[in-house]
Structure formats: C-alpha cells, structure tokens
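Coordinates in review
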Amino acid sequence: MASGHGSSTAPHTGAGGRDGIYCKERDASSPPRQHPGRSLPDVCPKEPTAGQPTRTHGPSVVSEHGRWTVYSSKVNLPAALNDPRLAKRESDFFTKSWGLDFADTEVMPSFYLPNISREDFGPYLVFFSMCQWIFISLTRSLSHALFLEKSRAELEQVPKIFMRPEFALEDSATFNAVLPWSHFNSAGGCKSSRDMASSRLLQEKLSHYLDVVEVSIARQISLRSEAFFHAMSSQHELQDRLRSTQGAVAVLRGRTATMERVMCRGPLSLLRTALERGNCARLYDKLKLMAAVHQTQPTVQLLLATSEFVGALELIATTKEVLQQELQGIHSFRHLGSQLCELEKLIDKMMVEDFSMYTRSDLNRSLREEPHVLEKERLESLVFGLLRQRKLDFLDIYNEEMIQAAKGIVTQCVVDSVVNIPDIDTDVVTKLADQMRLMTFLQWFDLLQSVFSSFLLFLQRVKATLSVIRNVVLEALDSNQKSRLLAEQTTAPAACHASPPPHQSHPGEAELAYLTHEGLFISDALSDAQRAHGGPQEKSSGLGPRPQHGGAVEPEGKKLHSWNDQLQTSLASLLLEGCNVMSGEDMMPSELELGRVANNIQELLYAASDLSHDRCVKVLMARAKDGSLERLSPGEFVGLSQAVEAFARSTEDLCCRRSVSLRGALQSQANRFVHRFHEERKTKLSLLLDNERWKQAEVPVEFQHLVDSIADGRIALPERKPPGNAEERKPGDFLLVDGQKYAVVGTVLLLIRIFLEYCQCINDIPSITTDLLSRLADLLKHFNSRSCQLVLGAGALQVVGLKTITTKNLALASRCLQLVVHYIPLIRTHFETKLQPKQYSVLRHFDHITKDYNDHIAEISAKLVAIMDSLFEKVLSKYEVKAPMPSACFRHVCKQVSKMHEAISELLPEQQTQTLFWRINGSFKMHLKRQLARLGVVNDGGPQHGLVMVDVAFYTENLLSLRTLENMDLSMVEIWEHKR
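Every chain is numbered independently, its residues counted from 1 as its sequence is written. Selection of residues for local features in this predicted model requires a pLDDT of at least 70, selection of side-chain atom pairs for listing and counting requires 80 or more, and totals for whole chains, interfaces and linings are taken over all residues. Values shown for side chains rest on all heavy atoms present in the structure; no hydrogens or waters enter the calculation.

Which entries qualify depends on this criterion: UniProt positions are given in the numbering used here, feature names are shortened, and annotations may be inferred rather than shown by experiment.
As annotated in an unreviewed UniProt entry, the chain carries the name Vacuolar protein sorting-associated protein 54 and comes from Gadus morhua. What UniProt records for the chain under Subcellular location (unreviewed entry) is the sentence "Golgi apparatus, trans-Golgi network". UniProt annotates the chain under Sequence similarities (unreviewed entry) with the comment "Belongs to the VPS54 family."

See the structure below:
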C-alpha cells in the first residue's frame, strides 16, 4: 500500500510550533492576527477566486500543486487488490495480496497465548445480540411513532369539515363553509385584483389539502403494499380454483341428468300416480265427511227432542272440530259453525232450565215419600252435560232452590199444626210467628218436633241428591286422570328416544309402505299405513261413542242414540292422521276445577245443615219473642233442650257438620232461663231467711231421703215416692248426714233442695254449667251474708221480731253453716265433671265460699265465748273472799254455764262442745286470776286461799258434772300468781 510517509518533510519547530504541529512564522512587526472561527470543510470545495487569498492549514491542490499528499490518491483499496491477470478471482486475502505463490503454512501456536474458541465469545454475542434487538425494536417503534406523529401533524392541517361523514357539497351550509364567496365577491359584480388573489389563495390551499391527503393515502398504501400484493396473488389463485370447480360441476350435472333420465323418471312417475290416486281417495273421503256433517243439525234436533243433551253436545263438538280442521274454507259450510255455536248456547240454556226444574220438583215433593233420588239417570245426564259445558255454577241454582224449599217446609208444618188447633183463627192471625205464639207450649213443642223431623228428611234427600252429583264429578275427574296418565305413557317413550310401541308408526312409514306392499295398488299400502297409524290415536281421542248417562229410554230414543253413535263414528273414521279432534275429556273442566266442584258439593251439604238450623232458629225465636221460653218450668226447658240437642246430633251425624246457630239460640234462651231460674230461687231464699226465727225445725222424711241419695253418690233430685203409712213418714228432730246429727232450720233444708235443683239442671243442660256455677256461688254467698246479718248482726230482731239472739240461735246458725260446708266439696266435684279442663278456673269460687263459711262459723264460736266472757267479767268483778261458801258469785257463774251447756249441747257435736267450753273455762280462769290479784289473795295456804279453793272446787265439780265434759281437763293452777 502506497503511503506518503517517505516523502513528507519533517515538521519545523519554532517559536510558534507546539507538539510537532507546524505553524508559520510571522513577522515581529506585524500586528497580532485575529483567528476567525473555524468552519467545517465543505463536501464540494469551491475553487479559489482571484484577489481572495486562501487560508487553510491543510494541503491544497491549488497552492501546493507539486506536492503529493494522501489527497492525491485516486485508487481505492479493493481496486488495488484486484489482479486483472487472474482468470478466477480468489477469495483468499493472502493470495490476493501476495500472489499465487503464497502457501498456507501451519503456524505453531504460541505458548504464551490461550486457545480461543467461538464458545469464548458466546456471552459477548448473547449480550450484544440482545442489545441489538432492543435497539432495533426501539428504533422501529420510534420511527413508527415519528411517522404517525408526522402523519397526524400533516392531517391536522386539513380542516375537520372535510373529515366529517356527513360532508356533502350539496348542503348550502357546507358549501359556504368550504368556499366562502363572501370574502372575495365585490360589490357591483365586477372582480377586482383582491378577489383574484383570494381565489388563487383558496385554490392553492385546497390543492395543498389535496396533496396532504394524497400523500397520507400513498403512505398508508405503501405500508400495506405487501398485504395488497398478497391479496392480488390470492385472487388469481381463487379464480383458477373457481374455473376448475366450474368444470367439475358441469361434469356432475351431466352425470346427474343422465341418472335422472335413466333411473328416476320411471319410478317417480309411479309415485306421482300413487299420490294422485291418494288425493282422489282423500277427496272421496272428504265428500263423505261433508255428507256426514250435513246430517248434523237434523240429528241434533232429534236428540234434543228426547233430552239427549250429552249426545247432542258430543255431536256438535265433533262436527265443529271437523269443520275447523278438515272442512275449513268450504263455502257451503261457511255458516254452519256459527249455527252450531248458537245451537250449543241454546242447549246450555235448556240444560240450566231443566236442572232448575228438576231441583224444584225434587225438593218440593212431599216429605212423606222415601228419600230416594228422583229420576237418577236424568240427574246424571244433566250434571254431566253441565260439567262438559263448564257450567260450574249449577250448584248455585241448587242452593237457591234449597233455600226456598226450607222456607216452604216451615210454612207447611205451621199450617198443618194450626189446622188442628181450633182456638187460632187464621183469618184474624195471618202471620206465622203470631200463630206460634198463640199456641200452648205442648202444641208449640209438637210443632217444633215436626219441623225437626221434616228437616231431617229434607237433609236426607239433599244428601242423596248431592251424592249422585258428587259421583258424576268424581267419575269425570277419574276419567281426566286416566287420560292424563295415558298421554304421559304415550309421550314418555318418545321423550326417552325409545322404540315406538307396535301400534305407533313413524311419519315416514306411510310414504315407504309401497316398498314392502305386495298388493296390486300402491294407494292401498298408503291407506293401510294411515289406518294402522290413526287407529290408536282415534281410540285415545275419545271420538267414539261415549256411554250415555241416560239409562233406559224408549225404543225411539235407542234408535236416535244409535244414529248419533253411527254418525259420530263415521265422522271420526273419516279424519286422517294428524287430525287432533278435541275429545269429551278435553272439553271437560280441569282436575283442579273438578276438585273445586267436589269441595263445593260438600260445602253445599254443610250449607243445607246450616240452613235447617237457621230455619229452626226462626221457629224458636218466634216463640221466645214474648218471653214465654223464659217462663218455662225446669222440666219443660229440659225437654226443649234435649229435643234441640237430639236434632243437632242427628244433623251432625247426617252431614258431618257441627252447626252452631240453633245451639247458640238455645244457649241464649238458656241464659235467660238461668237468670230467671236463679232470681226465683234467690228471691225465695231471701223470703225464707227474712221469716226464719232460727229455731230447730223438724226434718221431713223426704228431706232425709234426699240427703241419703246424696250420700249414695247421686247428686240429683230423687223421684217422688208414693205415700206410705204415717209411721214411716214421721219427721225427725235431726238431719242424719254420714252418721252425724245436724240440727237445722227450715231454710237450710230448702237450700239443700235448691242447690240440688242446680245440679239437676246442669245434668239436663250441660251447656249452662259455667253460668249456673256462678249463680249457685252467688246464692251460697247470699245465704252466708244474709244469715250473718240476721244472727250475728241481730237483724232478726227487727225483721222477725225476736226479743234477743240467744246462744241457741247462734249454735243453730253455726250448725247450719257447717252442713252447707259439708256439701260444698260434693257440689264442686259434681260441677267439675261437667266442665272442660280449660274451665276449671271457675271452681275457685267454691274455695272462696268455703273460706267465708268457715270464717263465719269461727265468728259465731267467738261470739259464744264472748257472751260468757262478758258474764264472767261482770260477775267476778264483784267477787269477795268470805263465807259462806260456795259464794253466791260462783253459784251464779255455775248456773249460767249450765244454761249455756243445756242450750248448745244438743245442737253442737261433742268435740265442738268440749272445744267451746275449754275456751270458756280459759276465759273464766283469766277473769278469776285478775280478781284474785286485785284482792291480793295468794296461794299461801291461808284462810282466804282455802275459801277460794272451796269455790273453785264447786266450779269444777259443776262443770265436770255436765254431759260430754266429764273428761275435760280443768286445771286451775293458772289462777294464782307465781311468786317471784
């Protein structure tokens, strides 16, 4: 390689040279030279001009023409290395440089350098390849972003109005916005230079916008040029394939036409002929169907003439369905559908009227007849027809007729009873209620019994009729359920993709039947396939003759019935496959509606029971309006109550319904009866107490029997015994109750009978138990309070005129109260058996009464002790210890004690007498002790002590000599003060 190092001169060093850099010397006298700023050398240096010196530091081809520098080289390195003498250029650098004589020789490896392989440069290459990939990606992204930014900036120069989708120069506003002529239109219509300039400016601007858009489009096309050329190449390939496909289709069509001509035209002509024959057969069947439909109206008229409503409705329904599905559009039958609808409405009205007439005649016929169903077959037919027409309100008609019949029963019973009573003039007394009030109780009670028996027969008849109706409804419900189950069984195999049953065929079997048919005509095979497929469906659709509920009819009716069946059968047999004629079961109400009708039938029976009770309440209240039922005797009211309860139980057993209206009315009357019953006995008891002189009364034998019956456990009034001899019916002095003697007054004997009447009343009328219990409690409280006022309160002194209330009166009152207390638990137990467990709380009244009576008895005992206490205080306060002994004071005390014992010992039992005198003795000892302490007498054994002991001994001897007091403990130690 040539170089200029050999010919170059050495650099001169001087004052101005630094670091081997050549610098020219300058004169000392010359001014300092200003160094202008250096500029980069031009790529194409300009030639120097005259008169302008060239000032460069590098070599110049102009100023240094005779000097060779590196700039003088005109041949590049590759050109220098190429050897034109060689026929074939070698690729070896050394051969190119040093000739063909150069041979590769193996260079001995250096012992100081390691062996370097390509793997040693692996990490370096990986690292820098990653850096290079990142650099390239960033460069592309940056260039793409710059390109997008540049494109966006260029497009932003174009106004937005050109980019709008609705841009159209036909729009005046858009045209004026793009070409604003107002800026360069001169007045007067002559153009000026300014207008010309504006026009040119506008044209240039629009041209600029066009260039920008075209450049952008061209840029976008250039970016997608590869995809465009790929699409063009694919288009050519697609055209080639389409041409080949077209040729294949043409060949195939030719072959298909040949096959059609050779193989298909003959069989297809056979099929076409078979289809034509089938169409003719269907046309013939259609004509027969039209003939059958034409006979519908006359047949319906004949059926209605014999009241065959169900058969007529079945025929109408079948005909209407045939008209809708098979004969639709037939001009001659265009009015038949509306005529059948009007005829069906007429049948509905006829059935409702017929049912109303049947119900009226059945309910209003004589009750003396047996309670059988009148014309059962007619009723079944009517009910089935009404159900089929969904006339589910026919039970309302029966209910209305039932109400009218119930009113007629009461009226007929009153009329029949009044006819036998000559005292009632029906011309004067026209109202039934007034006629009933004029009857005696026995006459009215017989009327009530007649009403009860009539209503029982009425309910039996209603129940029998409703049972027939219910059976028809249940039969229809059962038929619906069976149809639903059959439909589910039929559709289940198809839903599970199972094989169809033998009687079912696939839709294509009819069309393929000719392949296996061996007969003469293919149409016969099609007809056979259709019949095999339509038979079971025809059976399940219910189009066949339904068994009628008409029962036995006349021969003419049988003929009409057979005619109707034949007509329906012909209509059904003429229906082709796929004709879904609505069956009788489909026209019936749903299972839910039929279930509701069955429930309404049961409710109607309940309503009949309630209606019977309500009408009987009218009879009862008509009698009770003047208060005559309140004035009944207990026996009469008990008989009325028993009759009402028997009727209520009978209706409950018959209708399974507990009606409450009659029982409620009886309860209301019972409450009034109880009020009067109680007031009468309370008034009677008050009168007896006000006239009671509180002396011991004799006890009649019937009262002793009454008490004995209570002791036997039967708390009720005994039956009156026939009078016997006088000795057996001699009254006694005491009432013997459970072995005890009770000295009583007459009022208490009647009180015992009164509360037994209360007990007997609840036996006969258990519904008034709670009311009578409260009334009896009030009666017992009244006896207790009134006797307390008369005896303890000394009210008998003013009411009866007694001079004083003696101890005998007090003891007798106490004993009477004890007798009542003895019977209160028995009365409580008897009432408890008649009460419900939730009513036991009312029994607490007896506990309160028992407490009040015991308190009263205790007050009487305290009063007896108080009488003697006041006597002891008065007498012993005058006691003096002096002879003679026994003293007069002690003699008086003993006399009064003996009198009191004589008065009460026969009245009170022994135990009570001992308890009472023990308390009296305690009172005596207290007053004696107080008097001895006041006198200063002590038990020192002195004379006064001895005198006191004599009196005390006299007192104790007299007290112990009294009957029932012999064993009484009379310790008198307590009379002495204890010495401290």
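Structural notes on the overall build of the chain
This is how it is decided: The secondary structure listing takes helices from DSSP runs of H or I that are at least 4 residues long and strands from runs of E that are at least 2 residues long, numbered from the N terminus. In this scheme, a residue with accessible area under 20% of its type's maximum is buried, one over 50% is exposed, and one in between is partly exposed, where area comes from a 1.4 Å probe on protein chains only. The method behind every accessible area is Shrake-Rupley, applied with a 1.4 Å probe, and residues are considered shielded solely by the protein chains displayed.
The helix and strand inventory of the chain stands at 29 helices and two strands. Every one of the 980 residues in the chain was classed for burial, and the buried ones make up 34%. Split by element, the accessible area of the chain, about 61,500 Å² in all, is 56% carbon and sulfur.

Comments concerning unusual backbone geometry
For the bond running from M885 to P886, omega is -10°, close enough to zero to count as cis. Along the polypeptide, P886 turns up in the loop between α26 (844–876) and α27 (888–904). Non-glycine residue D738 carries a positive phi angle of around 55°. Assignment of secondary structure puts D738 in the loop between β1 (735–737) and β2 (740–742). For D738, a relative accessible area of 57% puts it in the exposed group.

Let's talk about helix α21 (residues 701–711)
Inclusion rule: Here a residue-residue contact requires only that any non-hydrogen atoms of the pair lie within 4.5 Å.
Along α21, the residues classified as buried are V701, F703, Q704, L706, V707, S709 and I710. Lining the buried residues of α21 we find β1, α22 (746–764) and α25 (807–834).

Topic: a nonpolar patch on the surface
Spelled out, the test is: Put simply, a patch holds well-exposed residues, over 30% relative accessible area, that have no salt bridge, with like charges counted together within 9 Å and Val, Leu, Ile, Met, Phe, Trp or Tyr side chains within 5 Å. We count a salt bridge whenever a side-chain nitrogen from Lys or Arg sits within 4 Å of a carboxyl oxygen from Asp or Glu.
A cluster of nonpolar side chains, I116, F121, Y124, L125, F127 and F128, forms an exposed patch at the surface whose accessible area comes to about 650 Å². Tracing the backbone shows F127 in helix α3 (residues 122–156). Note on F127: relative accessible area 51%, which makes it exposed.

Some thoughts on the confidence of the model for the chain
To keep things clear, this is the line we draw: As a per-residue measure, pLDDT tells how confident the predictor is, with possible values from 0 to 100.
Across the chain, pLDDT averages 75, with 75% of residues at or above 70. Mean pLDDT per element in the chain: helix α14 (residues 509–516) is the minimum at 37, and α26 is the maximum at 92. Counted against residues more than four places away or in other chains, residues 1–65, with its pLDDT under 50, gives 16 contacts. Here residues 570–585 is a poorly scored stretch, pLDDT under 50, and it has 43 contacts once near neighbours within four places are set aside; other chains count.

Structural notes on the nonpolar core
Quick reminder of the rule: Buried Ala, Val, Leu, Ile, Met, Phe, Trp, Tyr and Cys residues form a nonpolar core when they are joined through side-chain atoms within 4.5 Å.
Residues W444, F458, L640, I752, F831 and L928 are the most contacted members of the largest nonpolar core, which totals 196 residues. The greatest single-element share of this core, amounting to 18 residues, is contributed by helix α13 (residues 441–495). Apart from residues lying up to four places away in sequence, L928 is in contact with L876, Y879, F890, V952, M972 and I975.

Comments concerning the side chain of S887
With respect to the secondary-structure elements, S887 resides in the loop between α26 and α27. In this view, S887 contacts Y879 and D951; residues no more than four positions away in its chain are not counted.

Some points on the side chain of T651
Mapping T651 onto the fold places it in helix α19 (residues 634–655). Residues in contact with T651, not counting those within four places in the same chain, are L456, L459, S609, H613, C656 and R657.

Focus: the packing of aromatic side chains
Rule in force here: Here the aromatic set is Phe, Tyr and Trp, taking the six-membered ring for Trp, and pairing holds for ring centres within 6.5 Å; pairs whose planes are under 30 degrees apart are stacked, those over 60 apart are edge-to-face, and all others are tilted.
All told, the structure shown has 18 aromatic pairs when counted by the stated rule. Between F673 and F677 the ring centres are 5.8 Å apart and the planes differ by 35°, which places this aromatic pair in the tilted class. Of the two residues, F673 and F677 are both situated in helix α20 (residues 661–690); the distance of four residues between them amounts to about one turn of the helix. Grouping residues by exposure puts F673 and F677 together as buried. Judged by centre distance (5.3 Å) and plane angle (70°), the ring pair of F872 and F924 falls under edge-to-face. Here F872 is found in helix α26, whereas its partner F924 is found in helix α28 (residues 910–935), with 52 residues between them in sequence. Residue F872 is classed as buried on the basis of its relative accessible area of 0%. Grouped by ring-pair contacts, the aromatic residues F872, Y879, F890, F924 and Y955 constitute a single cluster.

Quick look at the packing of helix α11 (residues 394–419) against helix α18 (residues 591–624)
What counts here: Axis definition: a line fit to C-alpha positions, over the contact stretch in the case of helices; interaxial angles, taken between N-to-C directions, run 0 to 180 degrees. For this classification, under 35 degrees means roughly parallel, over 145 means roughly antiparallel, 65 to 115 means roughly perpendicular, and everything else is oblique. Should the near helix be turned anticlockwise from the far one by less than a right angle, the crossing is termed left-handed; should it be turned clockwise, right-handed.
Where α11 contacts α18, the two axes come as close as 10 Å, and the packing angle between them is 20°. Overall, the two elements α11 and α18 adopt an arrangement that is roughly parallel. Once α11 is placed against α18, the crossing between them reads as right-handed. The residues of α18 that touch α11, namely those facing L395, Y398, N399, M402, I403, A406, K407 and V410, are V597, N600, I601, L604, A607, A608, L611, R615 and V619.

What to know about the pattern of salt bridges
Taken as a whole, this structure holds 22 salt bridges when the rule is applied. In this structure, R152 engages E149 in a salt bridge whose closest nitrogen and oxygen atoms are separated by 3.1 Å. In this pair, R152 and E149 are both assigned in helix α3, three residues apart and thus about one turn of the helix distant. Of the residues examined, E149 reaches a relative accessible area of 48% and is grouped as partly exposed.

With respect to the packing of α27 against α28
Threshold: Three residue categories are used. Nonpolar comprises Ala, Val, Leu, Ile, Met, Phe, Trp, Tyr, Cys and Pro, charged comprises Asp, Glu, Lys and Arg, and polar comprises the others, including Gly.
Packing of α27 against α28 leaves a shortest axis separation of 12 Å and a crossing angle of 160°. As judged from the angle between their axes, α27 and α28 are roughly antiparallel. As for how α27 packs across α28, the hand of that crossing is right-handed. Of the residues in α28, those in contact with F890, V893, V897, M900, H901 and I904 of α27 are T913, L916, F917, I920, F924 and L928. Taken together, the residues of the contact of α27 with α28 break down into 10 nonpolar, two polar and no charged.

Quick look at the environment of F954
Assignment of secondary structure puts F954 in helix α29 (residues 943–960). Setting aside its immediate chain neighbours within four residues, F954 contacts P886, F890, R891 and C894.

As for helix α8 (residues 309–325)
For clarity, the threshold we go by: In this analysis, the expected span of each helix is defined as 1.5 Å times one less than the number of residues it contains.
Taking 1.5 Å of rise per residue, 17 residues should cover 24 Å, and α8 covers 24 Å from first to last C-alpha, within 8% of that figure. The buried fraction of α8 amounts to 14 of the 17 residues, a majority that puts the element mostly inside the structure.

Looking at the state of the cysteines
In a disulfide, the sulfur atoms of two cysteines are covalently bonded to one another. Definition in use: When the sulfur atoms of two cysteines come within 2.5 Å, that pair is taken as a disulfide.
Enumeration over the complete set of coordinates arrives at zero disulfides. No disulfide involves C616; its nearest neighbouring cysteine sulfur is the one of C413, lying 9.1 Å away.

Concerning the environment of I424
Mapping I424 onto the fold places it in the loop between α11 and α12 (432–438). Once the C-alpha coordinates of I424 and M439 are considered, the two residues, 15 residues apart in sequence, prove to be 8.0 Å apart.

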